[in-house]
Amino acid sequence: SLFLCLVLNQDTTQSGRTLFCSSRRTDVVSVTPWLAPIVWEGTFDPVLVDNIYKPMNLTIATTVFAIGKYVRFLQDFLDTAEKHFMVGFNMRYYVFTDRPHDVPSVNLTRGRHLSVIQVPGSNRWQEISARRMEIIQTTIERQIRREADYIFCLDVDSKFHARWGPESLGRLVAVIHPGYYEQTRDRFPYERRPASTAYIPMDEGDYYYGGAMIGGFVEDVYTLTKVCQTRFEEDAGNSIEAAWQEESHLNRYLLYNKPSKVLSPEYLWQDFKAKTKEVKVIRFSGVIKNYADVRPN
Ligand code: 2GW
Ligand code: MN
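Residues numbered from 1 in each chain as written. Chains lettered and ligands numbered in written order. Predicted model: local features only at pLDDT ≥ 70, side-chain atom pairs only at ≥ 80, totals over all residues. Heavy atoms only, no water.

A. The arrangement of the overall build of the protein chain in detail. Scanning the protein chain for helices and strands turns up eight helices and eleven strands. For 297 residues, the compact-globule formula gives about 19 Å, and the C-alpha radius of gyration of the protein chain, at 20 Å, lands near that figure. Per-residue burial for the protein chain yields a buried fraction of 50% across its 297 residues. Long-range contacts, defined here as pairs at least 24 residues apart, represent 73% of the contacts in the protein chain between residues at least 6 apart. Taken as a whole, the protein chain presents about 14400 Å² of accessible surface, with 51% of it coming from carbon and sulfur. Of the charged side chains in the protein chain, 36 are positive and 36 negative, and the gap between their average positions amounts to 2 Å. (Helix = DSSP H or I, 4+ residues; strand = E, 2+ residues; numbered from the N terminus. Rg over C-alpha atoms; globule rule 2.2 N^0.38 Å. Buried < 20%, exposed > 50% of the residue type's maximum accessible area, 1.4 Å probe, protein only. Contact = heavy atoms within 4.5 Å. Areas by Shrake-Rupley, 256 points an atom, 1.4 Å probe, with all protein chains shown as cover. Lys, Arg positive; Asp, Glu negative; His and termini not counted. Charge placed at Lys NZ, Arg CZ, Asp CG, Glu CD.)

Next up, the structure:
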């Protein structure tokens, strides 16, 4: 990074003050108002970060749900994860599915494991969504707590395209939704009805976070899923479904429990969206899906 400072920042060379060039990015904000990093390409040194985290011999858990026809996304998800996701780290994938026989066999590199956990199928998104939180919790209690240090919970209808490494690790990690990072908060699709436990008033909110990724220490994610599930069910009991289901509950939770690290939309893009100039690299993206093909009804 000193090399970069010398090359890219003339002022630093003259003054010798490396304090003033920790980031090469001046076009994006790379820290939140509560001083959590916002991770963009160019704000970290990948070699340095790897050298810090690799000797810790960490194990990373990744949970992914593939219920019904969504099993078709597993092959690409897992193949591309092996190429780009936490490469060189111990990895434990937990694949939750009602179709265990349709889970593809994937060549895993050393130190990486995959377990298939059978769960009931369902046609109702509300049920899958609520159960996802519940299953993550019980699996943390039963095994993940003992088997991993950090956890990522990801949507399966996605692919990795470039490095997603330990720069993403933190106590509680969320990602800025690619559809809303250029918008002001009055445009965020938070749940706006006070009757919902996911309610966020118009004058509050930091970012609009994407529901396709949540990560952090196993215990912090455990608490998050527990709280979100309880609220989700409380709403259901009152016949309320938040605007974007668990994504709404996630956003509400993160407003009052600030993430310790925020990932830029590089870590959650959408294939239908053209790359913008701030996004130098797309690391992970949601694939375009034919809803009629994959969704139950
Ligand atoms: C069933 C009915 C309607 C919609 C989805 C499903 C369904 C979801 C399914 O039949 N099988 C299944 O495995 N899933 C899992 O739930 C799968 O892991 C999938 O990636 C995840 C979320 O569903 P998905 O990817 O269709 O929703 P998106 O891409 O529109 O996701 C965003 O919004 C959701 C809330 O509406 C969630 O917050 C999600 O995390 C967000 O990315
Ligand atoms: Mn998705």
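B. Highlighting the coordination of the manganese ion (ligand 2). Within the first shell, the manganese ion (ligand 2) binds the protein through D155 (OD), D157 (OD) and D157 (OD), at distances of 2.1 to 2.5 Å. Judged by relative accessible area, which is 8%, D157 ranks as buried. (Donors = N, O, S within 2.8 Å, 3.2 Å for Na, K, Ca; no water.)

C. Quick peek at the packing of aromatic side chains. Enumeration over the complete set of coordinates arrives at 21 aromatic pairs. Between F85 and F160, the aromatic rings sit 4.7 Å apart at their centres with planes inclined by 25 degrees, giving stacked as the arrangement. Placement of F85 in the loop between α4 (74-84) and β3 (90-97) and of F160 in strand β6 (residues 158-160) is noted, with a sequence separation of 75 residues between them. The two residues F85 and F160 agree in class, both being buried. Ring geometry for W164 versus F284: centroids 5.4 Å apart, planes at 85 degrees, classification edge-to-face. Taken as a pair, W164 in the loop between β6 and β7 (172-176) and F284 in strand β11 (residues 284-286) lie far apart in primary sequence, 120 residues in all. Each member of the pair, W164 as well as F284, is classed as buried. Grouped by ring-pair contacts, the aromatic residues F77, F85, F152, F160, W164, Y267 and F284 constitute a single cluster. (Phe/Tyr/Trp six-rings, centres within 6.5 Å; stacked < 30°, edge-to-face > 60°.)

D. A look at the pattern of salt bridges. Inspection of every chain in the model, using the stated rule, returns 17 salt bridges. Among the salt bridges present, the one from K159 reaches D76, with a minimum N-O distance of 3.5 Å. You can see K159 sitting in strand β6 and its partner D76 sitting in helix α4, a full 83 residues away along the chain. Residue classification places K159 among the partly exposed positions, given a relative accessible area of 27%. Given the relative accessible area of 36%, D76 is considered partly exposed. Across the pair D220 and R171 runs a salt bridge whose closest N-O atoms are separated by 3.5 Å. Here R171 lies in the loop between β6 and β7 and D220 lies in helix α6 (residues 218-237), a separation of 49 residues in the sequence. (Salt bridge = Lys/Arg side-chain N within 4 Å of Asp/Glu carboxyl O.)

E. The site of ligand 1, seen in detail. What surrounds ligand 1 is a group of 19 residues, the closest being F65, I67, Y70, Q245 and R295. Taking G211, its main chain carries an N or O atom lying 2.9 Å from an oxygen atom of ligand 1. Take E246: an N or O atom from its side chain is 2.9 Å from an oxygen atom of ligand 1. Starting from 740 Å² of accessible surface for ligand 1 in isolation, the protein chains cover 88%. Those elements that place two or more of their residues in the shell around ligand 1 are β2 (59-66), α5 (125-147), β8 (209-217) and α7 (245-256). Here the shell around ligand 1 is composed, by residue class, of ten nonpolar, two polar and seven charged. (Near = heavy atom within 4 Å. Polar contact = N/O pair within 3.5 Å; in protein donor to acceptor, adjacent residues only side chain to side chain. Nonpolar A, V, L, I, M, F, W, Y, C, P; charged D, E, K, R; others polar.)

F. Summary view of the side chain of R25. Tracing the sequence through the fold places R25 in the loop between α2 (10-15) and β1 (38-39). Here the side chain of R25 touches D27 through a polar contact of 2.8 Å, side chain to side chain. In terms of polar contacts, R25 uses its side chain to reach the backbone carbonyl oxygen of E278, at 2.7 Å. Leaving out residues up to four positions away in the same chain, R25 has contacts with W40, E41, G42, T43, E266, E278 and K280.

G. Seen up close, the sheet that holds strand β9 (residues 261-263). Pairing is mixed in the open sheet, where eight strands are placed in the order β1-β9-β7-β8-β5-β2-β3-β4. Of all the strands in the sheet, just β1 and β4 (112-118) have a single pairing partner and so form its edges. In this sheet, β3 lies alongside β2 in parallel orientation, the contact comprising eight bridges. By the bridge assignment for β3, F65 is matched with F96. (Pairing = 2+ DSSP bridges.)

H. How the structure looks around the environment of A195. Mapped onto the elements, A195 comes out in the loop between β7 and β8. A195 sits 108 residues away from V87 along the chain, and the two C-alpha atoms are 44 Å apart. Apart from residues no more than four positions distant in its own chain, A195 is found in contact with D235 and I240.

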